[in-house]
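The lines below spell out each chain.
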Amino acid sequence: QDQLVESGGGLVQAGGSLRLSCAASGRTFSRYNFGWFRQAPGKEREFVGAISWSPALEFYADSVRGRFTLSRDTAKNTVYLQMNNLKPDDTAVYYCAAGFGSTWSLRSADEYDSWGQGTQVTVSS
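Quick look at the structure, then. (Residues numbered from 1 in each chain as written. Predicted model: local features only at pLDDT ≥ 70, side-chain atom pairs only at ≥ 80, totals over all residues. Heavy atoms only, no water.)

**Some details on the pattern of salt bridges**
Taken as a whole, this structure holds 4 salt bridges when the rule is applied. In this structure, Asp62 engages Arg65 in a salt bridge whose closest nitrogen and oxygen atoms are separated by 2.6 Å. Within the structure, one salt-bridge network assembled from shared partners comprises Arg38, Glu46, Arg67 and Asp90. (Salt bridge = Lys/Arg side-chain N within 4 Å of Asp/Glu carboxyl O.)

Structure follows, in structure tokens:
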């Protein structure tokens, strides 16, 4: 069964860091594009960042660019989201997604066909 499992969320003070992991199992996701989205209470799900397979590109939302960094370990079928200088506005449930969508449309949730269950990130002020 194809599965994406996020981990690494938690409670952190503003200015702190967390690293989220997204472990893929059930099939080889090595050629997939991966994206991260988040949803805060009462708000719509929003794009955070994406990393494409080919060409190898990274995309970030303006709100996180310069603070968040994506990486992938193909051998481990795992994608990471390093989050630095966290702010209270970053508080949300973070979701990992995988898909074969267009590299140039990875900001759209429609480009992904597999989703994780989410991990909570809470940033206190």
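From this point, the discussion proceeds with the structure in view.
**Topic: the pairing of strand S5 (residues 46-51)**
With 5 of 6 residues buried, S5 lies mostly within the body of the structure. Taken together, the 5 bridges between strand S4 (residues 33-39) and S5 define a ladder with antiparallel strand orientation. When the bridges of S5 are listed, Trp36 appears paired with Gly49. Taking the residues between adjacent antiparallel strands as the criterion, S4 and S5 are bridged by 6 residues, where Gly42 takes a positive phi near 75°. Sheet topology note: the S5/strand S6 (residues 58-60) ladder contains 3 bridges and is antiparallel. Within S6, the position partnered with Gly49 by the bridge is Tyr60. Count of turn residues in the S5/S6 antiparallel hairpin: 6 residues. (Buried < 20%, exposed > 50% of the residue type's maximum accessible area, 1.4 Å probe, protein only. Helix = DSSP H or I, 4+ residues; strand = E, 2+ residues; numbered from the N terminus. Pairing = 2+ DSSP bridges.)

**Things to note about the nonpolar core**
Ranked by internal contacts, the top residues of the largest apolar core, which has 36 residues, are Leu4, Phe34, Trp36, Phe68, Leu81, Met83 and Tyr94. The dominant element in this core, judged by the number of residues it contributes, is strand S9 (residues 92-99), at 5 residues. (Core = buried A, V, L, I, M, F, W, Y, C linked by side-chain atoms within 4.5 Å.)

Just geometry here; none of it tells us what the structure is for.
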